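Reading the structure
Single-letter residue listing:
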Amino acid sequence: NLDPETADLSLLFYYLDHYSRGKDRVDLIKAITDVPVHVFGGPSEDNTIEKQGWEHYLKGQKNVTLHPPLPYGESLEILKKSKICLNSMPFFKWGSHERLFNSFACGALPVTTDNLFSREEFVDGEEAILYLNKSVGEVNDKIVALLKDEDKRQAGVAKGREKVMARHTWDTRVDQL
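In this report, we go over the structure that sits alongside the text. As the structure is a computational prediction, the values presented were derived from the model and not from experiment. (Residues numbered from 1 in each chain as written. Predicted model: local features only at pLDDT ≥ 70, side-chain atom pairs only at ≥ 80, totals over all residues. Heavy atoms only, no water.)

**Looking at the pattern of salt bridges**
On inspection of all chains with the given rule, the structure shows 11 salt bridges. Here E127 makes a salt bridge to K163, at a shortest N to O gap of 2.8 Å. Here E127 is found in the loop between α5 (116-121) and β5 (129-131), whereas its partner K163 is found in helix α7 (residues 150-167), with 36 residues between them in sequence. For the pair shown, E127 and K163 are each scored as buried. (Salt bridge = Lys/Arg side-chain N within 4 Å of Asp/Glu carboxyl O. Helix = DSSP H or I, 4+ residues; strand = E, 2+ residues; numbered from the N terminus. Buried < 20%, exposed > 50% of the residue type's maximum accessible area, 1.4 Å probe, protein only.)

Put into structure tokens, the structure is as follows:
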């Protein structure tokens, strides 16, 4: 019942964007129950509406360890020690977050939002685990199965990394521009 003439549509879109991002991230983490999950970070500094952080939304999930925010360079060092990287990006319908590329570059297989770009670039179940929020409940079993087959995980990372290094580096983007 909002009047389009007087409603602050920019603010409503801002709220919707932050809600959909947060819901997807929380749903993804909550769906993973059988392996340890480490979450780094806190509320966005420009987020004027978020009053509660990870502690509230993930309370009681014993397999989750929360960590404070860290500098970008340190996040890459964490990825180098990780086998899997969670990449929630419901706001990209055609495109990607750099975390997807960094995952492969650092040796972690991404669990990432299924969109037109990720589906075209990477083989689901082989080079990445693609998910949609409506089927996020399937992610846990896929991760567990992949972690039981280290050779398959490493082969998937190697194939994905090869694609990233050939087509998705900053130098490649400069050449494209």
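**Quick notes on the sheet that holds β5**
Ordered in space as β3-β4-β5, the 3 strands form an open sheet in which the pairing is parallel. Because the sheet does not close on itself, it has two edges, and the strands there are β3 (84-87) and β5. Averaged over all neighbouring strand pairs, the angle between strand axes comes to 15°, with direction disregarded. Note: β3 against strand β4 (residues 109-113), 4 bridges, orientation parallel. In the strand pairing of β4, L86 is matched with V111. (Pairing = 2+ DSSP bridges. Axes fitted to C-alpha atoms, helices over the stretch in contact; angles between N-to-C directions.)

**A look at the nonpolar core**
Among the nonpolar cores identified, the biggest contains 22 residues, and V111, V139 and I143 are the most heavily contacted of them. Not counting chain neighbours up to four residues away, the residues in contact with I143 comprise I32, V35, I84, V111 and I129. Within the second largest apolar cluster, 8 residues are counted, among which are F122, A128, L130 and V164. (Core = buried A, V, L, I, M, F, W, Y, C linked by side-chain atoms within 4.5 Å. Contact = heavy atoms within 4.5 Å.)

**Regarding the packing of helix α4 (residues 98-106) against α7**
Running from N to C, α4 and α7 point in directions that differ by 120°, and their axes come no closer than 8 Å. Classed by the angle they form, the pair α4 and α7 counts as oblique. Every pair of crossing elements has a handedness; the one defined by α4 and α7 is left-handed. In this structure, α4 uses F101, F104 and A105 to contact α7, whose residues at the interface are G156, V157, G160, R161, V164 and M165. Split by residue class, the contact of α4 with α7 holds 6 nonpolar, 2 polar and 1 charged. (Parallel < 35°, antiparallel > 145°, perpendicular 65-115°, else oblique. Left-handed = near helix turned anticlockwise from the far one by under 90°. Nonpolar A, V, L, I, M, F, W, Y, C, P; charged D, E, K, R; others polar.)

**Observations regarding the side chain of S118**
For S118, the position within the fold is in helix α5. In this view, S118 contacts T112, T113 and L130; residues no more than four positions away in its chain are not counted.

**Quick notes on the environment of V157**
Considering the arrangement of structural elements, one finds V157 in helix α7. Each C-alpha atom of the pair V157 and C106 lies 9.1 Å from the other, and the pair is 51 residues apart in sequence. Dropping the residues within four chain positions of it, V157 is found in contact with F104, G107, A108 and L109.

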